Amino acid sequence: MARSVALYGIKTCDTMRKARAWLDEHGIAYAFHDYKSQGIDAEHLKKWIQQVGWEKLLNKAGTTFRKLPEADKANLTEARAVALMVAQPSMIKRPVLEAEGALEVGFKPDVYERFFAKS
């Protein structure tokens, strides 16, 4: 069964390159959305958050987040996290893989194997 697959991330990210290579090697067609150049809207982020939670989606380990003033990092809420991710999409963990309503955040080959074995 063919699945509609979209991969979201930043073109120059090493993890993104690995995820794209894995999909290519496994013959899985996908649409790529570079949210650094194309942006991402709050509604899309909120849809993802309903599935995985904002804590999983917000990349606190990344340089962009770590460079924020302490006041911006303290007492985060979903609304503040969404605003940060819309303003600076590099704060979104990557890649985000969306296929037929299912969502996977991050890249690990074994997780992708299981994800696509479901189809």
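Residues numbered from 1 in each chain as written. Predicted model: local features only at pLDDT ≥ 70, side-chain atom pairs only at ≥ 80, totals over all residues. Heavy atoms only, no water.

Some thoughts on the sheet that holds strand E3 (residues 96–99)
Across the sheet, which stays open at both edges, the four strands sit in the order E2-E1-E3-E4 with mixed pairing between neighbours. Only two strands of the sheet have a single partner each, and these edge strands are strand E2 (31–34) and strand E4 (102–105). For this sheet, the mean inter-axis angle between neighbouring strands, taken without regard to orientation, is 20°. Where strand E1 (residues 5–9) meets E3, four bridges bridge the pair, whose relative direction is antiparallel. When the bridges of E3 are listed, Tyr 8 appears paired with Val 96. Taken strand by strand, helix H2 (residues 42–52) contacts E1, E3 and E4, and its axis lies near 85° from that of E4. Of the strands in this sheet, E1, E3 and E4 are in contact with helix H7 (residues 109–117), which crosses E4 at around 175°. (Pairing = 2+ DSSP bridges. Helix = DSSP H or I, 4+ residues; strand = E, 2+ residues; numbered from the N terminus. Axes fitted to C-alpha atoms, helices over the stretch in contact; angles between N-to-C directions. Contact = heavy atoms within 4.5 Å.)

With respect to H2
Where H2 is concerned, the buried positions are His 44, Leu 45, Trp 48 and Ile 49. Looking straight down H2, one finds that the buried residues subtend no more than 140° of arc, so they occupy a single side. Across from the buried face of H2, at angles greater than 90 degrees, the exposed residues are Glu 43 and Gln 50. In the core, the buried residues of H2 are packed alongside E1, helix H3 (54–57), helix H6 (78–87), E3 and E4. N-capping of H2 is provided by Asp 41, with a side-chain oxygen placed 3.2 Å from the backbone N of Glu 43. Of the residues flanking the end of H2, it is Gly 53, one or two places downstream, whose phi is positive at about 85°. (Buried < 20%, exposed > 50% of the residue type's maximum accessible area, 1.4 Å probe, protein only. Arc of directions from axis to C-beta. Polar contact = N/O pair within 3.5 Å; in protein donor to acceptor, adjacent residues only side chain to side chain.)

Re the nonpolar core
Judged by nonpolar contacts, the single largest core of 37 residues is most densely connected at Trp 48, Leu 57, Met 85, Ile 92, Tyr 112 and Phe 116. Sorting the residues of this core by element identifies E1, helix H1 (14–25), H2, H3, H6, E3, E4 and H7 as the ones contributing at least two each. Excluding anything up to four places from it in sequence, Tyr 112 contacts Leu 7, Ala 19, Trp 22, Leu 23, Pro 95, Leu 97, Glu 104, Gly 106 and Phe 107. (Core = buried A, V, L, I, M, F, W, Y, C linked by side-chain atoms within 4.5 Å.)

Points about the side chain of Asp 34
For Asp 34, the position within the fold is in strand E2. Lacking a salt bridge, the buried Asp 34 has Lys 11 as its closest oppositely charged neighbour, with an N-O distance of 6.4 Å. (Lys, Arg positive; Asp, Glu negative; His and termini not counted. Salt bridge = Lys/Arg side-chain N within 4 Å of Asp/Glu carboxyl O.)

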